[in-house]
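Structural features, examined
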Amino acid sequence: MTLRLLLVEDDRELRATLRAALQVEGYEVLTAASLSEGLALLAHAGHAASVMAASIGPTTTGPAMASPARARDQDPAVDAVLLDLGLPDGDGETLLAQLRKQHKLPVLVISARQAEGQKVRLLDAGADDYLVKPFGIAELLARLRVALRHRGTTLRPAITLYRRGEIDIDLAVPRVSRAGLPVHLTPTELRLLAALVRGAGRVLTHRQLLADVWGAEFVDHTHYLRLYMAQLRAKLEADPAEPQLLLTEAGVGYRLVEPEA
Ligand code: CA
């Protein structure tokens, strides 16, 4: 099945480059150069539109409305959205907020803005990932695969197996081993590792991890995370000072690298 992406990006050159690269990978790509065009395409693709359109107000551009109807009418969905933030008629964040109210659609933010506070806000608001321009196309494709896989697995049993290099994790038992030898984790370490395994490949914000492992009332206790991440690294990383597995996303959160395919 061909996966269909919506790329919302006002930089014409970047839009063309990304579209070409994504098409080579086998994705079908719809493009929009503005917020209103993106909304119109989502509406056209069958994603509840009236509310979204109303929240933005009258559209100022019309090209999307004039675009030809697509052939796949019986399967009208967009499978993922690549979203720029600085758009001529508004901020991509508006579209993210609307999408999150109504859909589980994966959203990857692509932006030149790299303030940590902004990344955290967007991830907490439900963006699946965030790429700062300029980024490599291989990186984009990898993050896209992860986001699509995670959305796809929300309806299936949770991910419980993780294997990469010397590390073997089976959350169902639970059992963790490194180079074939059992690794003993405390209950809290195991809960934190489980949260990372369920989100493997994705950046998880401090708030998301703290809420998941310790509870909603602990979302500001980032020192818990620092402590327990250090303990996990000491047990799982070959060199805890140079982690290859449990990565820090500075000022944002942590990412467990993707498992081996
Ligand atoms: Ca832009």
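Just so it is clear, the model here is predicted, and its values are computed rather than measured.

1. Describing the overall build of the protein
Assigned secondary structure in the protein consists of 10 helices and 14 strands. For the protein, the share of sequence-separated contacts (at least 6 apart) that also reach a separation of at least 24 residues comes to 64%. Accessible area of the protein: about 12,700 Å², with a carbon and sulfur share of 55%.

2. As for the pattern of salt bridges
Counted according to the given criterion, the structure contains 18 salt bridges. Glu9 is the salt-bridge partner of Lys133, the closest N and O atoms lying 2.8 Å from each other. Taken together, the positions of Lys133 in the loop between β7 (129-132) and α7 (137-153) and Glu9 in the loop between β1 (4-8) and α1 (12-24) put the pair 124 residues apart, joining distant regions of the chain. Residue classification places Glu9 among the buried positions, given a relative accessible area of 0%.

3. Remarks on the sheet that holds strand β2 (residues 28-32)
Overall, parallel pairing links the 5 strands, which are arranged β2-β1-β3-β6-β7 in an open sheet. Two strands lie at the open edges of the sheet, namely β2 and β7, each paired on one side alone. Sheet twist, expressed as the mean angle between neighbouring strand axes with direction ignored, is 20 degrees. Here 4 bridges tie strand β3 (residues 80-84) to strand β6 (residues 107-111), and the two strands are oriented parallel to one another. Pairing of Leu82 across the sheet is with Leu108, part of β6. The sheet strands contacting helix α5 (residues 92-102) are β1, β3 and β6, and the helix crosses β3 at an angle near 155 degrees. Against the sheet, helix α6 (residues 116-124) touches β6 and β7, its axis set at about 150 degrees to β7.

4. Here's the deal with the environment of Ala195
Its place among the elements puts Ala195 in helix α8 (residues 187-198). By relative accessible area, Ala195 is classed as buried at 5%. Here the alpha-carbon distance between Ala195 and Leu210, two residues 15 residues apart in the chain, equals 9.8 Å. The contact partners of Ala195, leaving out residues within four places of it in the chain, are Leu204, Leu209, Asp212 and Val213.

5. Regarding the nonpolar core
Core analysis: the biggest nonpolar cluster contains 29 residues, and Tyr162, Leu192 and Leu196 have the highest contact counts within it. Mapped by element, the contributors of at least two residues to this core are β9 (167-170), α8, α9 (206-213), α10 (222-236) and β14 (253-256). Among the elements that take part in this core, α8 stands out by supplying 6 residues, more than any other. Apart from the residues within four sequence positions on either side, Leu196 is in contact with Leu204, Leu209, Met229, Leu232, Leu246, Tyr254 and Leu256. In terms of nonpolar packing, the next biggest core, distinct from the first, is built from 24 residues, Leu39, Leu83, Leu105 and Leu122 among them.

The rules behind the values
- Residues numbered from 1 in each chain as written.
- Predicted model: local features only at pLDDT ≥ 70, side-chain atom pairs only at ≥ 80, totals over all residues.
- Heavy atoms only, no water.
- Helix = DSSP H or I, 4+ residues; strand = E, 2+ residues; numbered from the N terminus.
- Contact = heavy atoms within 4.5 Å.
- Areas by Shrake-Rupley, 256 points an atom, 1.4 Å probe, with all protein chains shown as cover.
- Salt bridge = Lys/Arg side-chain N within 4 Å of Asp/Glu carboxyl O.
- Buried < 20%, exposed > 50% of the residue type's maximum accessible area, 1.4 Å probe, protein only.
- Pairing = 2+ DSSP bridges.
- Axes fitted to C-alpha atoms, helices over the stretch in contact; angles between N-to-C directions.
- Core = buried A, V, L, I, M, F, W, Y, C linked by side-chain atoms within 4.5 Å.

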